[in-house]
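# Report on the structure
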Amino acid sequence: MEAFFHGMILAFGLILPLGVQNVFVFSQGATQPHLVRALPASITAAICDTLLILLAVFGLSIIVLQFEWLRVALMTVGILFLLYMGYTIWRSNPATAENSEALPVKKQILFALSVSLLNPHAILDTIGVIGTSALKYSGTEQILFTAACVLISWLWFIGLTVTGASFKKLDSSGKLMNIFNKCSAVFIWATALYLLNSLL
């Protein structure tokens, strides 16, 4: 059970900080007219996280950490994407009861895929931290460690969606969501600059 608890604590520590993925999933909970309509974003994000965790645990981490050019390529694409995401979030108008501009299912899925798989922070954290930590375990312990990481990911994204939906009820005018969007955009730009600085 030590491996399971280690996986839970590690996954929670990685997923807790405010990031692009978290911002997007939360915002869907806050802007969709019904909670069920926001689930495609959280389910897609959780599936992507599960895929990254499985790839990290079963060997991809060793490959990526060996090739510097691959790490630089991932970071470069991710930085450009984060700059674009920040711009999009800054320009977005939060949905209100009178003016609902919630994303359709297809766009939710595409956005969730992009913020999950084009986010170098998430990829490098998953590969560098979860992947290398998993090397400590083998057999059943490794499966328990992996299962704990995946479980936390699913619970977190579903929880974020529910929290976003609750936030909407407190903010029918959309003013708080607008402030949240602006702060999120600044945070995302700061993340991009931090990553750029680590490349130089």
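Residues numbered from 1 in each chain as written. Predicted model: local features only at pLDDT ≥ 70, side-chain atom pairs only at ≥ 80, totals over all residues. Heavy atoms only, no water.

On the surface, Leu-35, Ile-43, Ile-47, Trp-154, Ile-158 and Val-162 cluster together to form a nonpolar patch covering roughly 450 Å² of accessible area. Listing elements by their share of the nonpolar patch, those giving two or more residues are helix H3 (35-66) and helix H7 (140-170). Ile-43 sits in the partly exposed class, given a relative accessible area of 34%. (Patch = residues over 30% accessible without salt bridge, like charges linked within 9 Å, V, L, I, M, F, W, Y side chains within 5 Å. Areas by Shrake-Rupley, 256 points an atom, 1.4 Å probe, with all protein chains shown as cover. Salt bridge = Lys/Arg side-chain N within 4 Å of Asp/Glu carboxyl O. Helix = DSSP H or I, 4+ residues; strand = E, 2+ residues; numbered from the N terminus. Buried < 20%, exposed > 50% of the residue type's maximum accessible area, 1.4 Å probe, protein only.)

Our focus in this paragraph is the nonpolar core. Among the nonpolar cores identified, the biggest contains 20 residues, and Ile-53, Ile-130, Phe-145, Cys-149, Phe-157 and Leu-160 are the most heavily contacted of them. For this core, the elements supplying multiple residues, two or more each, are helix H1 (2-15), helix H2 (20-31), H3, helix H6 (120-134) and H7. The biggest single contributor to this core is H7, with seven residues. (Core = buried A, V, L, I, M, F, W, Y, C linked by side-chain atoms within 4.5 Å.)

Taking 1.5 Å per residue as the helical rise, H1 with its 14 residues ought to reach 20 Å, and the 20 Å between its terminal C-alpha atoms agrees with that figure. Among the residues of H1, Ala-3, Phe-4, Gly-7, Leu-10, Ala-11 and Ile-15 are the ones counted as buried. Along the axis of H1, the buried residues cluster in a sector spanning 135°; they form a single face. Residues of H1 that are exposed and point over 90 degrees away from its buried face: Glu-2 and Ile-9. (Expected span 1.5 Å × (residues − 1). Arc of directions from axis to C-beta.)

What follows covers the side chain of Gln-21. With respect to the helices and strands, Gln-21 occurs in helix H2. Here the side chain of Gln-21 touches Asp-49 through a polar contact of 3.2 Å, side chain to side chain. Here Gln-21 is in contact with Ala-45, Asp-49, Val-115, Ser-116, Asn-119 and Phe-157, once residues within four sequence places are set aside. (Polar contact = N/O pair within 3.5 Å; in protein donor to acceptor, adjacent residues only side chain to side chain. Contact = heavy atoms within 4.5 Å.)

The geometry of H2 relative to helix H5 (residues 105-117) is characterised by a closest axis approach of 8 Å and an angle of 160° between their N-to-C directions. Taken as axis vectors, H2 and H5 run roughly antiparallel relative to one another. The crossing of H2 and H5 is left-handed. Of the residues in H5, those in contact with Val-20, Gln-21, Phe-24 and Gln-28 of H2 are Gln-108, Phe-111, Ala-112, Val-115 and Ser-116. (Axes fitted to C-alpha atoms, helices over the stretch in contact; angles between N-to-C directions. Parallel < 35°, antiparallel > 145°, perpendicular 65-115°, else oblique. Left-handed = near helix turned anticlockwise from the far one by under 90°.)

Let us look at the side chain of Asn-22. Along the polypeptide, Asn-22 turns up in helix H2. For Asn-22, a relative accessible area of 6% gives the class buried. A polar atom in the side chain of Asn-22 sits 3.0 Å from the side chain of Trp-156.

Taken by themselves, the reported measurements are silent on function.
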